[in-house]
Amino acid sequence: TKLLAKRGRSRSIGRMGIVRILVDGYSLLHYWKELAPTKPRHSFHARDALVASLTQYQDSSGTPVTVVFDGGGAPPDTPKNETAKGGIEVLFSKKGQTADQIIERVAHLMKPYGEVMAVTNDFAERETVISLGSVACSCENFIQMMDDTVGDMQGDMAAYNKREHKRFKRGG
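Residues numbered from 1 in each chain as written. Predicted model: local features only at pLDDT ≥ 70, side-chain atom pairs only at ≥ 80, totals over all residues. Heavy atoms only, no water.

Quick notes on the environment of arginine 20
Assignment of secondary structure puts arginine 20 in strand 3 (residues 18-24). Sequence separation of arginine 20 and glutamine 58 is 38 residues, and the distance between their C-alpha atoms is 9.8 Å. Discounting chain neighbours no more than four positions away, the residues touching arginine 20 are Thr63, Pro64, Val65, Thr66, Glu89, Met110, Glu115, Val116 and Met117. (Helix = DSSP H or I, 4+ residues; strand = E, 2+ residues; numbered from the N terminus. Contact = heavy atoms within 4.5 Å.)

Shown next as structure tokens:
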């Protein structure tokens, strides 16, 4: 069971399946400097790199991911909400609304279906989501979870390909 820190205490996310992961997009981008390192954190290129990484994680984990960006005051070229075919859901808040407000609302609305996990480095936001009955994760812990999950999937695929290659060489 993976454990997430809550004020120095551990909270297990294993007792009920996570039905959706809600990511505060700019919070994760500001922490994850290695992602699109030469690009400004609010740029299309940085957002696109984040969406690609989150899509790979969603594909590896099987857990739906929604990334929410603050859209108020965003540059004119900021796209509208979208869901890439087979990809993650990408939302932009409206003017006067924050990504935090969307995450809180979705966490509340999804409660009957199971736990959601919010990913943010905003401590107050994590506490709010936890008070709504969901779980929260720091950006640092989430990046580690992503690396572990994607790495496991790549290892499984390599082992599968090796078995299939041997089976093919034997003719059957």
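Still more to cover.
Section: helix 3 (residues 99-110)
Note that an α-helix has 3.6 residues per turn; residues three or four places apart therefore point the same way. Spanning 12 residues, helix 3 covers 16 Å between terminal C-alpha atoms, matching the ideal 16 Å at 1.5 Å per step. Looking at helix 3, one finds that the buried residues are Ala99, Asp100, Ile102, Ile103, Ala107 and Met110. Looking straight down helix 3, one finds that the buried residues subtend no more than 160° of arc, so they occupy a single side. Where helix 3 is buried, its residues contact strand 3, strand 4 (65-69), strand 6 (89-92), strand 7 (115-119) and helix 4 (123-131). (Expected span 1.5 Å × (residues − 1). Buried < 20%, exposed > 50% of the residue type's maximum accessible area, 1.4 Å probe, protein only. Arc of directions from axis to C-beta.)

Some remarks on helix 4
What helix 4 keeps buried is the set Glu125, Arg126, Glu127, Val129 and Ile130. Where helix 4 begins, one side-chain oxygen reaches toward the backbone nitrogen of alanine 124, 3.0 Å away; that side chain belongs to aspartate 122. Glycine 133 sits one or two positions beyond helix 4 and adopts a positive phi of about 95°. (Polar contact = N/O pair within 3.5 Å; in protein donor to acceptor, adjacent residues only side chain to side chain.)

With respect to the confidence of the model for the protein chain
Across the protein chain, the average pLDDT comes to 81, with 77% of residues at or above 70. Predicted confidence is poor over residues 1-15, with pLDDT under 50, and the contacts of this stretch with residues over four places away or in other chains come to 33 contacts. (pLDDT = per-residue confidence, 0-100.)

Some details on the pairing of strand 4
Residues in a regular strand point their side chains to alternate faces of the sheet. Counting buried residues along strand 4, 5 of its 5 residues qualify, which places the element largely inside the surrounding structure. Both faces of strand 4 are covered, namely the face carrying Val65, Val67 and Phe69 and the face carrying Thr66 and Val68. Here strand 3 pairs with strand 4 via 4 bridges, running parallel. Paired with aspartate 24 across the strands is valine 68, a residue of strand 4. (Pairing = 2+ DSSP bridges.)

A look at the side chain of aspartate 24
On the secondary structure map, aspartate 24 appears in strand 3. Buried and unpaired, aspartate 24 has no salt bridge, with arginine 126 as the nearest side chain of opposite charge at 9.8 Å. Among residues more than four places away in sequence, those in contact with aspartate 24 are Val68, Ala99, Asp100, Ile103, Val119 and Thr120. (Lys, Arg positive; Asp, Glu negative; His and termini not counted. Salt bridge = Lys/Arg side-chain N within 4 Å of Asp/Glu carboxyl O.)

Quick notes on the environment of glutamine 58
Along the chain, glutamine 58 turns up in helix 2 (residues 44-61). Along the primary structure glutamine 58 and glycine 87 are separated by 29 residues, whereas in three dimensions their C-alpha atoms are 7.8 Å apart.

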